[in-house]
Amino acid sequence: EPEVTQTPSHQVTQMGQEVILRCVPISNHLYFYWYRQILGQKVEFLVSFYNNEISEKSEIFDDQFSVERPDGSNFTLKIRSTKLEDSAMYFCASGLSSYNEQFFGPGTRLTVL
Amino acid sequence: QKEVEQDPGPLSVPEGAIVSLNCTYSNSAFQYFMWYRQYSRKGPELLMYTYSSGNKEDGRFTAQVDKSSKYISLFIRDSQPSDSATYLCAMGGSGANSKLTFGKGITLSVRP
């Protein structure tokens, strides 16, 4: 069964460093998303991506964040200068259309020291 | 009022019990509704998807959506210890508003 994959599973970085989180969505899906979950809190939307551009972003998704689909399979989230409060689980999700199910990857645990 | 509210937990039931999990919401633009199961430090796993109002059944799971009351439910019949997890409700619009808004989640424990 096709699934969303994410790498790395755990990333530790120093405050101020850049990180890139990688995702491979399900191959025939067209809509891609990043969410995050701070420990003990709810899953929060960051950004949605369709047709090679951002379709919606949350207030959390400021200028320090960017997304890219560099080739036909990968979908990346870059945080330019990490802060302590960026420590969270980051989930990639994909969907066939804007109203279909969204399937989530296993997540990347980001720890900012 | 929060956009999505989920019954607080945790919830502990004996094996074989019927479990009822509920969420309410305030945004009438929500068109589709999902239930996810999440184990500790893992990604949400999709359990049920419902578009608009109605019921949907899949094995021991039944999802109900009542858009007039802005209320959704997940029922688990004959609960098993393996059902012990955190259950998240999520809902979304369509088109440019396809992001999901999640409830906080409820942790279910099924005692053998």
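To be clear, the structure that these remarks concern was listed above.
Residues numbered from 1 in each chain as written. Chains lettered and ligands numbered in written order. Predicted model: local features only at pLDDT ≥ 70, side-chain atom pairs only at ≥ 80, totals over all residues. Heavy atoms only, no water.

Before we move on, could you go through the overall build of chain A and cite the residues and values that matter?
Counting its secondary structure elements, chain A contains zero helices and eleven strands. Secondary structure elements of chain A occur, N-terminal to C-terminal, as β-β-β-β-β-β-β-β-β-β-β. For a compact globule of 113 residues, the expected C-alpha radius of gyration is about 13 Å, and chain A comes in at 13 Å, within 12% of that figure. The buried share of chain A, reckoned over its 113 residues, is 45%. A fraction of 54% describes how many contacts in chain A between residues 6 or more apart in sequence connect residues 24 or more apart. Of the roughly 5600 Å² that chain A leaves accessible, carbon and sulfur atoms contribute 47%. On chain A, the mean spot of the 9 positive side-chain charges and the mean spot of the 14 negative ones are 5 Å from each other. (Helix = DSSP H or I, 4+ residues; strand = E, 2+ residues; numbered from the N terminus. Rg over C-alpha atoms; globule rule 2.2 N^0.38 Å. Buried < 20%, exposed > 50% of the residue type's maximum accessible area, 1.4 Å probe, protein only. Contact = heavy atoms within 4.5 Å. Areas by Shrake-Rupley, 256 points an atom, 1.4 Å probe, with all protein chains shown as cover. Lys, Arg positive; Asp, Glu negative; His and termini not counted. Charge placed at Lys NZ, Arg CZ, Asp CG, Glu CD.)

Can you lay out unusual backbone geometry for me, pointing to particular residues and giving the numbers?
With an omega of -10°, the peptide bond between Thr-7 of chain A and Pro-8 of chain A qualifies as cis. Note on placement: Pro-8 of chain A falls in the loop between strand E1 (5–7) and strand E2 (10–13). The step from Gly-9 of chain B to Pro-10 of chain B runs through a cis peptide bond, and the omega angle for that step is 0°. Relative to the helices and strands, Pro-10 of chain B resides in the loop between strand E1 (4–6) and strand E2 (11–14). One non-glycine residue, Asn-51 of chain A, adopts positive backbone phi at about 55°. Position of Asn-51 of chain A relative to the elements: it lies in the loop between strand E5 (44–50) and strand E6 (53–57). Assessed through its relative accessible area of 61%, Asn-51 of chain A is described here as exposed. The backbone phi angle of Asn-52 of chain A is positive, close to 65°, even though this residue is not glycine.

Give me the sheet that holds E1 of chain A: which residues, what numbers.
Residue and element names in this part refer to chain A. Read across the sheet, four strands follow the order E1-E3-E8-E7 without closing on themselves; strand pairing throughout is antiparallel. The two strands at the open ends of the sheet, each matched to only one other strand, are E1 and strand E7 (65–68). Neighbour-to-neighbour, the strand axes of this sheet turn through a mean angle of 20°, independent of strand direction. In this sheet, strand E8 (residues 75–79) lies alongside E7 in antiparallel orientation, the contact comprising four bridges. Looking at E8, one finds that Val-67 is bridged to Leu-77. (Pairing = 2+ DSSP bridges. Axes fitted to C-alpha atoms, helices over the stretch in contact; angles between N-to-C directions.)

Geometric values such as these leave the question of function open.
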